[in-house]
Amino acid sequence: MKKIALGRCFLRSFLFQALWNFERMQNVGFAFCMDPLLRVVYKSKHDFHEALRRHMEYFNTHPYFAPVVMGVLMNREQAAVDNKRSVDPTLTVLKNSMGGAFGAIGDHVIWGSWRPFSAIMALSVGLLVGYPTGQGASLPVYNPASALQCSRWWVVGFLSMFNSIHFWLRWRGLVKAAQDGPLVVKWVESLHLQRWAAQIRRIGLLFLFVMVLVYFSRWTSSEMLIWLVAVFLGSAILKRWRAATWVLFYGVFLVAMVMTRLGIHWPS
Amino acid sequence: MAPVLESGSAQGMMAYRFLEGAFWAGLIALDFTALGPFMISQPLVAGPLFGWLMGNVVAGVLIGGIMQLMWMDVSPIGVSIPYDATAATLLGVYWASASGQSPLSQTALCLAFAIPFGYLFRWADQKARRINTRIMHRVESVPDEKLAMSLWAAIGTGIVWSWVRYTGLFALVFFLGDLFWKRLAYVPRLGLIDQSLTIAIILLPVAGLGVTLELFLSEGEDVDGKQAARSHKKEGI
């Protein structure tokens, strides 16, 4: 019964942000996902309705960590029912503090590290497979077969790599939190997510440099290479100075015009 | 009679392509907010996928790759709504696919034209989420015994509403873009511009690699916090 409820909550968690709003953020999604769990905890309809209403309060966290908070709340509510106590009013504080903490971890680890890392991995592997090196500047960029091969790696490679961690985190976090309650933070701690994020970024840097080398090696003209290095370093420096990405984007078009004026053409 | 029939069939094909494009673009964009997110909306997935659906994988790969690298640092941190790189990718791919296997310069031009629309879609997303607040208030006002059912209805409405607004907005922008491209087709393009656009396609991934380098080097040193704070200020939260 409990496993089925957890399974339902897990599936519903993919719709968690469907009614994200500025006033109470993910409250509707949270209550929606808690529904199957609360049905297991509360046998009386009145208590169930009351509990569901309680979860319509403000809530915001990283979507992949939301099931952890749901599991913890289920555990606490179950404990209150088992001990015939009224629900602890500090649960709301616990819910919001966990939401805030997991939100920060998720933003840094998932959005800031795991997603760019998976993307750079898929991009570099796809480029190497689809457009092998050694073909020089005469490489047929507009070759549908190469593009198709490259896109397979991008789509399948990236989605499977990224979502393997995503699905595992949602399901394992929910089950573990439902078992351990607030002590789930020890499990989260034991994952050393921040340390992993730092490592992932370092490995990502390595892949990035491989990609840069592979890309640059396609051009033999020193003139072109100088421009490529200038654009690469220039955009990194401008980004560090908080330049907007659209400025960089259109700036590249300006650089391209200057290069054309100077007589640098492609392929050269 | 034959030319009339031909032009009618060409118009029918265009309308079909336009509707098909808006339908798929709306579905892919759902991943950006309402469903998952499974990351289907990331440019490196959305670009090739939409390119394949529209019959031009090459443009999808080029635009998807460039957009992914350039906007690698964009993510929905906290309550901020980021620049809609997905919408810009889908629009760029749609326009680049209009002429089948478009040349490199045409792809660069389509992408340059699509970039500002990412801000339009972000603005529309902000407005849509204010409507979500109204739906949420409706759900809150129902009696306790109907709350569970109302939550289902609200989530369903949220998904349908997201798809409808994305599809509608994509359809509108696709249509306006098509009109613009038709007019532009009659304007002779200078060799200098054509060459510059081709060079830009080579340089854009390099600039994207620079952006990604900065992201990996920054190690999250309060970049997220500053981005969120800026966004809160803009949205008046």
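Given the structure is predicted, the values throughout are model-derived calculations rather than measurements.

**What about the overall build of chain A?**
Then, in step 1: Counting its regular elements, chain A contains ten helices and zero strands.
Then, in step 2: What you see in chain A, going N to C, is helices and strands ordered as α-α-α-α-α-α-α-α-α-α.
Then, in step 3: Expected size for 268 residues packed as a compact globule is a radius of gyration near 18 Å; at 25 Å, chain A overshoots this value by more than 25%.
Then, in step 4: Along the first, second and third principal axes, the C-alpha atoms of chain A reach 80 × 35 × 30 Å.
Then, in step 5: Out of the 268 residues in chain A, the part that is buried amounts to 44%.
Then, in step 6: Across chain A, every contact between residues at least 6 apart in sequence was considered, and the portion connecting residues at least 24 apart equals 74%.

**Overview of the interface of chain A and chain B**
Then, in step 1: Listed by partner, the interface residues are 76 residues for chain A and 70 residues for chain B.
Then, in step 2: Among the residues forming the side of chain A that touches chain B, the class breakdown is 51 nonpolar, 16 polar and nine charged.

**A closer look at the packing of helix α6 (residues 144-180) of chain A against helix α3 (residues 57-70) of chain B**
Then, in step 1: It is the contact of α6 of chain A with α3 of chain B, at a shortest axis distance of 8 Å, that shows an interaxial angle of 55°. Judged by the inter-axis angle, α6 of chain A sits oblique to α3 of chain B. Where α6 of chain A crosses over α3 of chain B, the two elements pack in a sense that is left-handed. Taken together, the residues of α3 of chain B that come into contact with α6 of chain A (itself represented by Pro144, Ala147, Leu148, Cys150 and Ser151 of chain A) are Val57, Val58, Gly60 and Val61 of chain B.
Then, in step 2: A breakdown of the residues in the contact of α6 of chain A with α3 of chain B according to their chemical character gives seven nonpolar, two polar and no charged.

**Thoughts on the confidence of the model for chain B**
Residue and element names in this part refer to chain B.
Then, in step 1: With 84% of its residues at a pLDDT of at least 70, chain B reaches an overall mean of 85.
Then, in step 2: Low confidence marks residues 1-6, where pLDDT is under 50. Its contacts with residues over four positions away, or in another chain, come to zero contacts.
Then, in step 3: Here the prediction assigns the complex a pTM of 0.90, and the interface score ipTM is 0.92.

**A short note on the nonpolar core**
Then, in step 1: Membership of the largest hydrophobic core comes to 150 residues, with the highest contact counts inside it found for Met70 of chain A together with Val45, Leu90 and Leu203 of chain B.
Then, in step 2: Per element, the largest residue contribution to this core is 14 residues, and it comes from helix α7 (residues 191-218) of chain B.
Then, in step 3: Those residues in contact with Met70 of chain A that sit more than four places away from it in its chain are Cys9, Cys33, Met34, Leu37 and Leu174 of chain A.

**Observations regarding the environment of Leu128 of chain A**
Then, in step 1: For Leu128 of chain A, the location among the structural elements is in helix α5 (residues 91-130).
Then, in step 2: Spatially, the C-alpha atom of Leu128 of chain A lies 47 Å from that of Pro36 of chain A, the residues being 92 residues apart in sequence.

**Brief notes about α3 of chain B**
Then, in step 1: Along its 14 residues, α3 of chain B runs 20 Å from first to last C-alpha, staying within 8% of the 20 Å computed at 1.5 Å per residue.
Then, in step 2: For α3 of chain B, the tally of buried residues reaches 14 of 14 residues, placing the bulk of the element in the interior.

Reading the values: rules and limits
Residue numbering note: each chain is counted from 1, following its sequence as written. To label them, take the chains in the order written and letter them from A, then take the ligands in the order written and number them from 1. In keeping with the model being predicted, local features are shown solely for residues with a pLDDT of at least 70 and side-chain atom pairs are shown and tallied solely at 80 or more, while totals for entire chains, interfaces and linings include all residues. Each helix is a run of DSSP H or I of at least 4 residues and each strand a run of E of at least 2, with the numbering of both proceeding from the N terminus. For the radius of gyration, the atom set is restricted to C-alpha positions; the globular benchmark scales as 2.2 Å times the number of residues to the power 0.38. Exposed residues have 12 or fewer other C-beta atoms within 10 Å of their own C-beta, buried residues have 20 or more, and residues in between are partly exposed; the C-beta atoms are placed from the backbone. Contact between two residues is assigned whenever their backbone-derived C-beta positions fall within 7 Å. Side-chain classes follow a simple rule in which Ala, Val, Leu, Ile, Met, Phe, Trp, Tyr, Cys and Pro form the nonpolar group, Asp, Glu, Lys and Arg form the charged group, and the remainder, Gly included, forms the polar group. For helices, the fitted axis covers only the stretch in contact; all axes are lines through C-alpha atoms, and the angles between them, taken along N-to-C directions, range from 0 to 180 degrees. Each angle receives one of four descriptions, namely roughly parallel if under 35 degrees, roughly antiparallel if over 145, roughly perpendicular if within 65 to 115, and oblique otherwise. In this scheme, a crossing is called left-handed if the near helix is turned counterclockwise away from the far one by less than a right angle; it is called right-handed if the turn is clockwise. Residue-level confidence of the predictor is what pLDDT reports, using numbers from 0 through 100. For the purposes of this analysis, a nonpolar core is taken to be any set of buried Ala, Val, Leu, Ile, Met, Phe, Trp, Tyr and Cys residues that are connected through C-beta atoms within 7 Å. Here, expected helix span is obtained from the residue count minus one, scaled by 1.5 Å.

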